[in-house]
Amino acid sequence: KAAAARAARAVRASFDAAPVTSAPLVGRAPSAAALTEASTAVVAAAPEAAFAALRRAKCRPEKAGLDAKELRKVDAALHAKVRSGKLPGVVNVVYRHGTLAHMDCFGYADVERKIPMRPDSIVKLYSMTKSIVSVAVAICLEDGKLELEDPLSKYIPAFAGTQVHRHGGELEPMERPITLLHLLTHTSGLGYGPMLGDEPDGETERRFIPLIERAGLSRMAPNDARALKGLEHWCDELAKIPLQFQPGTEWFYSYSHDVLGRVIEVVSGQRLDSFLQKRVLGPLRMVDTAFEVPREKWDRVAAMYKRFEKESEAKPAEDAADAINTDSSQGGAADSSQTRVPDGEAGELQQAKGGESSKGGAAKARAEGMEFDDDSTSCERSPGKSTRELHVEGDSEGDAQKEDEAPKQQEEKTVYEFKRLDNPAMETNEWVTGNASPLLAGGGSVDAMTGGLVSTAADYSRFCLMLLRKGELDGVRILQPETVNILTTNQLVRATGRDDVWAFSTPGVGFGLLGSVSVAHPDLDPALRPGEYGWGGMAGTAWTNDPAEDFFLLSFSLTAFDLTTEEELRAGVRASIDKFDQRRARAELRRMERCEQRRLAVAASEPAAAGSASSEAAESRTLPSKRGRSQEAAHCASADQPQRKRILGKKTQSPAKQQGALSPQGDRSPEPKQLLRLLEDAHRQQQEQLQQQQQQEQLVASAVQVVGNPHPFDMAEPRSPLHGSPLAA
């Protein structure tokens, strides 16, 4: 919050030096609207100016063990996406080793209103709400109010008679009841309906459309007889829809966390929003996180956009070339309905239903065959400076020759356009107080678009940091460390009784009680690391915690179904860690080389000292007079002083040459280059031994995980003393 205050002062200080085009305010204090207009005018001219000082003052990548140059490469790539119209804006946060390592804000949170992206921009979390609801369920577990193996019908009786679809369309009863563990791991058999106006994907989604329409009436026409009256009413209607498969047999993304929200209400006796505020959001001081946005915070509300594919259109080559450098002053990024992106960019959209992806494969984050030069990614240029249509072509020389020969040649290309999904007016925006849905969707959304929590990058960073610190933040403990371990490890084996069930049918991608968990597996995506966990949301929001590397990161892009910004950021952080470790290893080798050279210098001086000592011993045996002995000692000392200077002085031969000259055997020490190679070989062997040890530990951990660990919430084991502790009470 202190950093945000400094950023705000930096913005206000820039007002004095920057021209503002709004009408001058005479005789009264500037209004909030005028202040917003002035700030957006400044940030539109230099979008990074407001946070440049903040990053320099607070972000310490080197202290966190990250290479700053690699992080700037990630910033440049994402800034280029914003400038080219592929993203409205982006905010990234990286925290490692107890230090804010990196934060970057670029572009607009609201293109139409020209509101810049900031760490306190209020965004729609959608399915990132699930992680917070999972923590609330874990709190109820620690309080002893429920157990993971409890049947869902214990809390919502309507699910006792839910039917299951068989192949061929017939129905059959459930072989086993849905449990809370099934809901938390998405193995309950529930499904999802179409979102954001998409067409239903077969009968699996089509059967949810009537329920989605009735949920929408709850917000738009609450007096309609078909409108659902609350979360309890919605759950009762959901229980009438047959399951996709028998509970505990497969992984399938679903409305499970929306149902868990109702379970929390039943066991706590409170509304879901009240319980979350009292036990999670309030203690963590997540001040901007809620199910709706107060009207006084409207100036920080971020919009939500989606890319739609337009019909292929034919353009002359000359017209297409002229469109590459279209001036944004005539529209540019501000015209969200006309933002163009190149062919192949559809591959960047992760069109998983529910807005999620397996979060694997950072290569998906980049357009195929596209590279951005340093000039196009300069941080000094503002977003929307130019809206370009980029062409991915083959032989550039051959294409140029063809264009010279046939300048009117027709070219086919697919064009995508941005459309805003939420209402741009405060009076009708779907998340503003008075307009929000009365159905508190703990999973993100139960109608076609609205629902779930809203939050900021600053708020959600505190949530991630609490998990990284095993349930505690700023002296406030939310969960016990043992509980956090259960939340963040793969629970699909326990939920299904099989070790071949994976999220998204992707080997190595398990699922805990918070989100996806990477598991050691031969086919694990190289972009993932065993032990890391996280999740994403439908509005282009995602986060990742990596306990092994002691970091968390999050990225918000405001673009529906696009989680590639988080994937690019995660890949960049990995590269930054590797680059920093390589630099540190080289520095350590140089230090070891200098130490060895000093040792050789000392060893080279020992033969001379030994020879001098032997001569003194021989002379002492002759027993000369006292006066003679003192004169001879003075002579030896004066003769020995230049000798020591020659050996230890800066302008003498190298230690290796000295040792070769002074050694009685005449052996020469290794050259510095040979010594460096020996040190590198020793360092490489040490690293290989360490990697083998880590692999053995991972195999042991995987074996223990498959067998299953006793935990305080296992129904087969006695209740843990944790339930009766004063801290849990």
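Rules behind the numbers
- Residues numbered from 1 in each chain as written.
- Predicted model: local features only at pLDDT ≥ 70, side-chain atom pairs only at ≥ 80, totals over all residues.
- Heavy atoms only, no water.
- Helix = DSSP H or I, 4+ residues; strand = E, 2+ residues; numbered from the N terminus.
- Buried < 20%, exposed > 50% of the residue type's maximum accessible area, 1.4 Å probe, protein only.
- Contact = heavy atoms within 4.5 Å.
- Areas by Shrake-Rupley, 256 points an atom, 1.4 Å probe, with all protein chains shown as cover.
- Pairing = 2+ DSSP bridges.
- Expected span 1.5 Å × (residues − 1).
- Phe/Tyr/Trp six-rings, centres within 6.5 Å; stacked < 30°, edge-to-face > 60°.
- Salt bridge = Lys/Arg side-chain N within 4 Å of Asp/Glu carboxyl O.
- pLDDT = per-residue confidence, 0-100.

J.: Kindly report on the overall build of the protein, identifying the contributing residues and their values.
T.: Helix and strand counts for the protein stand at 20 helices and 20 strands. Out of the 729 residues in the protein, the part that is buried amounts to 49%. Looking at the protein alone, contacts between residues at least 24 apart form 73% of all its contacts between residues at least 6 apart. Per element, the accessible surface of the protein, about 34200 Å² overall, is 52% carbon and sulfur.

J.: I'd like a description of the pairing of strand S20 (residues 551–556), backed by residues and values.
T.: Of all 6 residues that make up S20, 6 are buried, and the element is covered over most of its length. With burial as the criterion, each face of S20 is covered, one bearing Phe551, Leu553 and Ser555 and the other bearing Phe552, Leu554 and Phe556. Sheet topology note: the strand S1 (residues 89–96)/S20 ladder contains 6 bridges and is antiparallel. Note on S20: the bridge partner recorded for Val93 is Leu554. Relative to S20, strand S19 (residues 541–546) runs antiparallel, the two being bridged by 6 bridges. Within S20, the residue paired with Trp543 across the bridge is Leu554. Where S19 folds back onto S20 in an antiparallel hairpin, the turn is made up of 4 residues, including Asp550, whose phi is positive at roughly 60°.

J.: Give a detailed account of helix H14 (residues 457–468), specifying residues and quantitative values.
T.: For H14, which comprises 12 residues, the first-to-last C-alpha distance of 16 Å matches the rise-based estimate of 16 Å (1.5 Å per residue) to within 8%. When you tally the buried positions in H14, you get 10 out of 12 residues, the bulk of the element. The set of residues buried in H14 consists of Ala457, Asp459, Tyr460, Ser461, Phe463, Cys464, Leu465, Met466, Leu467 and Leu468. Downstream of H14 by one or two residues, Lys470 has phi in the positive range, about 60°.

J.: Could you give me a rundown of the packing of aromatic side chains, with the residues and numbers involved?
T.: What the rule picks out here adds up to 18 aromatic pairs. Measuring from ring centre to ring centre gives 5.9 Å for Tyr533 and Trp543, while their planes differ by 85°; the resulting arrangement is edge-to-face. Separated by 10 residues along the polypeptide, Tyr533 in strand S18 (residues 533–537) and Trp543 in strand S19 bring together distant segments of the chain. Among the aromatic side chains, those forming a connected cluster through ring pairs are Tyr192, Phe208, Trp234, Trp251, Tyr253, Tyr255, Phe504, Phe511 and Trp535.

J.: Please provide a residue-by-residue account of the pattern of salt bridges, values included.
T.: Throughout the structure, instances matching the rule amount to 41 salt bridges. The salt bridge partner of Glu568 is Lys81, with a shortest N-O separation of 2.9 Å. Taken together, the residues Glu568 in helix H17 (residues 564–621) and Lys81 in helix H4 (residues 68–83) connect sequence positions 487 residues apart. Considered together, Glu568 and Lys81 belong to a single accessibility category, that of buried residues. Here Glu237 and Arg214 are joined by a salt bridge, their closest N and O atoms 3.2 Å apart.

J.: How would you summarise the confidence of the model for the protein if you had to cite specific residues and measurements?
T.: On average, residues of the protein carry a pLDDT of 74, and 64% of them reach 70 or more. Highest mean pLDDT in the protein belongs to helix H5 (residues 129–142) (98); lowest belongs to strand S10 (residues 386–387) (30). With pLDDT under 50 throughout, residues 312–412 is counted as low confidence; its partners more than four residues away or in other chains account for 211 contacts. Low confidence marks residues 632–637, where pLDDT is under 50. Its contacts with residues over four positions away, or in another chain, come to 1 contact.

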